[in-house]
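In case you want the letters, here they are:
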Amino acid sequence: MAVSIRDIKKEYEAAQLESLPSFIEKYSPDPRAGVQTLVRRAAKEMEDIAREKERIRNIRSFEMAACGDYLTGGYICGIDEAGRGPLAGPVAAGAVILPADSDILYINDSKKLSEEKREELYERITEEAVSWAVGLVSPQRIDEINILQATYEAMRKAEEQLHPQPEVLVIDAVRIPGIHLPQVPVVKGDAKCYSVGAASILAKVTRDRIMREYDREFPEYGFAGNKGYGSEGHIEALKKYGPSPIHRRTFIGHFIDPASPVRIRPNYRELGTEEENAAAEYLRGQGIQILEHSFRTDRGEIDLIGRDGEGTLIFFEVKYRSNKKFGDPAEAVTSSKQMTICRTSDYYRHIHGIGDEAKIRFDVAAVDENGVRWIKNAFPYRVQ
């Protein structure tokens, strides 16, 4: 009995690239039109993959040739940015060193790829990279020093995080002031050079994820869809609501008065719970500047974020016990919860450009019927 076309289609869809030749050989003699369609599709897929492999070989060869004068066996680092043009959000720069034998297909200018493909490639690149980093510069800093200088700063931040250090940098179109490594600027480098294309993907995916997080905080601007760029809906919201804290004042003057008051954060982010408010009030009285209430991301939540007079960034878990027989509130911060808080703190520092050299601490504000007790260094930084 002949295999059904439905089963053959399932076999094709499950086939790995290396098994396509045998699939074609197996089913080419089958005269059924549906089977022949699948055979042609498999053949075209093989042709497309062959072309893509050739393109990757070419852009790797081009990159090697461009950097050849500086290479003596060390690493090439590709650098590229994302987010120079938006009205809101940070500018991001990716830096990546890939192994000499890396051949990840479809690396390209990130703008030429679908969001799904960028996310897929991001995982491949970060898994395979010798070293990689993304530098971020905030909207406030962009307004302070201008977007070009902010882009250079983001690139320097990214490059400084690499270990091991590269031998040469290949960059999309520019030279970065303040870096003393050899630099090779390539116009349209994100499409012509393998490492620069990979860096553009890292920068774009990181920034897009950040803007989706900001959309949870300020949904009226549509950041999840427009990523901070000046879409019609974004501009309408800007005119209606005024600027959010992440709008670039030097970019919005064509649409509203740049000095317009900043939009108040939504109540659920500003007010928090009664216990969080009590803890925040107590901590303010102890000289702590409260930076965030209920900082939420898809990674987790931190009840309060503050800074003390010495500049230490403190992440607070607020715990309440109505009866002491249930134990000390600090004991309720389980190992799993600690790791969640630490991961969320990493994200907070990342989006605000706070480097690893910053002083940080994890404290508990224990609230009970007698008031607030501040437990400093309640747990160490820990990750899985």
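Just above sits the structure.
Read on for an overview of the structure. (Residues numbered from 1 in each chain as written. Predicted model: local features only at pLDDT ≥ 70, side-chain atom pairs only at ≥ 80, totals over all residues. Heavy atoms only, no water.)

**Considerations on the sheet that holds strand S6 (residues 289-297)**
Adjacent strands of a sheet pair through backbone hydrogen bonds, lying either parallel or antiparallel. Reading across the sheet, the five strands line up as S6-S7-S8-S9-S10 and stay open at both edges, with mixed pairing between neighbours. Each end of this open sheet is capped by a strand with a single partner; those strands are S6 and strand S10 (371-375). For this sheet, the mean inter-axis angle between neighbouring strands, taken without regard to orientation, is 30 degrees. With seven bridges joining them, S6 and strand S7 (residues 300-307) adopt antiparallel strand pairing. Counted as the bridge partner of Thr-297 is Gly-300 from S7. In the packing of helix H12 (residues 274-285) onto the sheet, the strands contacted are S6, S7, strand S8 (313-320), strand S9 (360-368) and S10, and the crossing angle to S6 comes to about 150 degrees. (Pairing = 2+ DSSP bridges. Helix = DSSP H or I, 4+ residues; strand = E, 2+ residues; numbered from the N terminus. Axes fitted to C-alpha atoms, helices over the stretch in contact; angles between N-to-C directions. Contact = heavy atoms within 4.5 Å.)

**What about the packing of aromatic side chains?**
For the structure on display, the rule yields eleven aromatic pairs. Here Tyr-122 and Trp-132 contribute two aromatic rings whose centre-to-centre distance is 5.9 Å and whose plane-to-plane angle is 75 degrees, an arrangement assigned as edge-to-face. One end of the pair, Tyr-122, is in helix H4 (residues 115-128); the other, Trp-132, is in strand S3 (residues 131-137), and ten residues separate them in sequence. Seen from their ring centres, Phe-315 and Phe-362 are 5.5 Å apart, and the 25 degrees between their planes marks the pair as stacked. Pair noted here: Phe-315 is in strand S8 and Phe-362 is in strand S9, with a separation of 47 residues, a long-range link. For the residue pair Phe-315 and Phe-362, the accessibility class agrees, reading buried in each case. Within the aromatic cluster, the residues linked to one another by ring pairs are Phe-295, Phe-315, Tyr-348, Phe-362, Phe-379 and Tyr-381. The ring centre of Tyr-106 lies 4.5 Å from the NZ or CZ of Lys-117, which sits over that ring. Over the face of the ring belonging to Phe-251 we find Arg-248, whose NZ or CZ atom lies 5.0 Å from the ring centre. (Phe/Tyr/Trp six-rings, centres within 6.5 Å; stacked < 30°, edge-to-face > 60°. Buried < 20%, exposed > 50% of the residue type's maximum accessible area, 1.4 Å probe, protein only. Lys NZ or Arg CZ within 6 Å of the ring centre and 35° of its normal.)

**Considerations on the environment of Ser-4**
Residue placement: Ser-4 occurs in the segment before helix H1 (5-14). Spatially, the C-alpha atom of Ser-4 lies 20 Å from that of Pro-21, the residues being 17 residues apart in sequence. Looking at Ser-4, its side chain comes within polar contact range of the main-chain nitrogen of Asp-7, at 3.1 Å. (Polar contact = N/O pair within 3.5 Å; in protein donor to acceptor, adjacent residues only side chain to side chain.)

**Comments concerning the pairing of strand S4 (residues 168-172)**
With five of its five residues buried, S4 lies for the most part within the structure. On S4, burial covers both faces: Val-168, Val-170 and Asp-172 on one face and Leu-169 and Ile-171 on the other are all buried. As paired elements, S4 and strand S5 (residues 183-186) share four bridges and run parallel to each other. Paired with Asp-172 across the strands is Val-186, a residue of S5.

**Examining the packing of helix H8 (residues 194-217) against helix H13 (residues 335-351)**
When two helices pack together, their arrangement is given by the angle between the helix axes and the distance between those axes. Viewed as axis vectors pointing N to C, H8 and H13 meet at an angle of 105 degrees, and their least axial separation amounts to 12 Å. If you check the angle between H8 and H13, you find them roughly perpendicular. Together, Thr-206, Arg-209, Ile-210, Glu-213 and Tyr-214 of H8 and Tyr-347, His-350 and Ile-351 of H13 make up the contact between the two elements. Class assignment for the residues of the contact of H8 with H13 results in four nonpolar, two polar and two charged. (Parallel < 35°, antiparallel > 145°, perpendicular 65-115°, else oblique. Nonpolar A, V, L, I, M, F, W, Y, C, P; charged D, E, K, R; others polar.)

**Focus on the pairing of S7**
Counted residue by residue, S7 has six buried out of eight residues, so it is predominantly covered. Note that S7 and S8 share four bridges and pair antiparallel. Its bridge partner being in S8, Leu-304 is matched across the sheet by Phe-316. Between S7 and S8, which follow one another and run antiparallel, lie five residues, and Gly-311 among them has a positive phi close to 90 degrees.

**What about the sheet that holds S5?**
Read from one edge to the other, the open sheet built from five strands follows the order S3-S2-S1-S4-S5, with strand pairing classed as mixed. Two strands in the sheet have a free side with no partner beyond their single neighbour: S3 and S5. In this sheet, neighbouring strand axes are inclined to one another by 20 degrees on average, regardless of whether the strands run parallel or antiparallel. Taken together, the four bridges between strand S1 (residues 76-82) and S4 define a ladder with parallel strand orientation.

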